[in-house]
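Here's the letter readout for the chains.
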Amino acid sequence: MIDVILERGFDRPLASQLVRSLTEAAQPCFDLHRIQWQESLLARDGRRLVCHFLAPDVESARIGLRHAGADISSLWGGSVHDAPGLKATDLIAANVMVERRFAAAVTFEAIQALEDAGSACLDNHQVRFLRTLFSLDRQRMLCLYHAPDAESVRLAQHQAGMPVTHVWAFQRIAPVMDSTQPL
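Every residue gets a number counted from 1 within its own chain, in the order that chain's sequence is written. For a predicted model such as this one, the threshold for reporting local features is a pLDDT of at least 70, and the threshold for listing and counting side-chain atom pairs is 80 or more; totals across whole chains, interfaces and linings nevertheless cover every residue. Where side-chain values are given, they derive from all heavy atoms of the structure, hydrogens and water being excluded.

A. Examining the environment of Leu42 more closely. Relative to the elements of secondary structure, Leu42 occurs in strand β2 (residues 36–43). For Leu42, a relative accessible area of 0% gives the class buried. Spatially, the C-alpha atoms of Leu42 and Gly118 are 27 Å apart, while their sequence positions differ by 76 residues. If sequence neighbours within four positions are ignored, Leu42 has contacts with Leu14, Ala15, Ser16, Val19, Arg48, Leu49, Trp168, Ala169, Phe170, Gln171 and Ile173. By the criteria applied, helices consist of DSSP H or I runs no shorter than four residues and strands consist of E runs no shorter than two, each listed in order from the N terminus. Three exposure classes are used, based on accessible area relative to the maximum for each residue type with a 1.4 Å probe and protein chains only: buried under 20%, partly exposed in between, and exposed over 50%. The contact rule is simple, with two residues in contact once any of their heavy atoms fall within 4.5 Å.

B. Summary view of the state of the cysteines. Note on terminology: disulfide denotes any pair of cysteine sulfur atoms within 2.5 Å. Applying the stated criterion to the full structure yields 0 disulfides. Residue Cys29 stays outside any disulfide, its sulfur separated by 15 Å from that of Cys51, the closest cysteine. Looking at the unpaired Cys143, the closest cysteine sulfur is the one in Cys121, lying at 15 Å. Take Cys143: its relative accessible area is 2%, and that puts it in the buried class.

C. Highlighting the environment of Glu151. Within the secondary structure layout, Glu151 lies in helix α7 (residues 150–160). Measuring from C-alpha to C-alpha, the distance between Glu151 and Val167 comes to 8.1 Å, with 16 residues separating the pair along the chain.

D. Quick peek at the sheet that holds strand β6 (residues 128–135). Ordered by their spatial adjacency, 8 strands build a closed barrel running β1-β3-β2-β8-β5-β7-β6-β4, and the pairing between neighbours is antiparallel. On average, each strand axis in the sheet is tilted by 35° relative to the strand beside it, whichever way the strands run. As judged from the 4 bridges shared by β2 and strand β8 (residues 166–173), these two strands associate in the antiparallel manner. In the strand pairing of β8, Leu42 is matched with Gln171. Lines fitted to C-alpha atoms define the axes, with helix axes restricted to the stretch in contact, and inter-axis angles between N-to-C directions lie between 0 and 180 degrees. Of the strands in this sheet, β2, β3 (48–55) and β8 are in contact with helix α1 (residues 16–25), which crosses β2 at around 160°. Across the face of the sheet, helix α5 (residues 108–117) comes into contact with β4 (75–82), β5 (96–101), β6 and β7 (140–146) while running at roughly 160° to β6. When DSSP locates at least two bridges between a pair of strands, those strands are taken to pair.

What follows is the structure, given as C-alpha cells:
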C-alpha cells in the first residue's frame with residue numbers, strides 16, 4: 001500500500017459535513033479498489049481540500065476515485081514522514097498546512113535540514129512540525145503543523161528561510177473509528 005494524496009480547490013466553500021458524507025458515500029468504490037481513507041484536511045474557508053488515502057498503487061486510487069465522482073486532476077503518490085516521537089494524539093492537533101512546490105526535484109533530507117536549521121524560528125512562534133507528505137516525483141510537499149494560527153507558521157517559515165507556496169489553516173475530518181476496530 002502507498003500513500004496517495006488528492007488536492008482540490010473550490011470556488012464555493014465546502015462544509016466539513018459534506019466532505020464526510022461524500023467520502024462515506026464513496027466507500028463502496030473505495031472497497032472495490034482497496035482504497036483506505038485516512039483523513040481529509042479542509043481549509044478553514046472551505047475552499048481547499050487535501051485528502052489522504054492508502055491504496056495498492058496510484059492507478060487503483062485514480063480509478064476508484066474517478067468512479068466515486070471525484071476530480072482527480074491533482075492526485076499523486078507520496079510518502080509520509082512524521083516528526084520524531086510523534087503520537088497519534090499529537091497529529092490530531094495539526095491545524096496549519098504549508099504547501100511547498102519545487103521547479104526541480106528535491107530530496108526530503110535537504111528540506112528537512114533547512115527546517116532543522118530554522119527550528120528556533122518555529123519555537124519562537126510556538127509552531128510545532130508534525131508531518132510531511134512528500135510526492136514521489138519530489139516536487140511537492142505538504143507539511144502539517146500545530147500552531148496558534150496560520151500567520152505564526154507563515155512568519156516562522158519566512159524567518160527560517162523555508163520555501164513556501166501557500167500556508168493555510170485547516171480542520172481535520174477523519175473516519176469514525178468503530179469500537180470493534182483495533183487502535
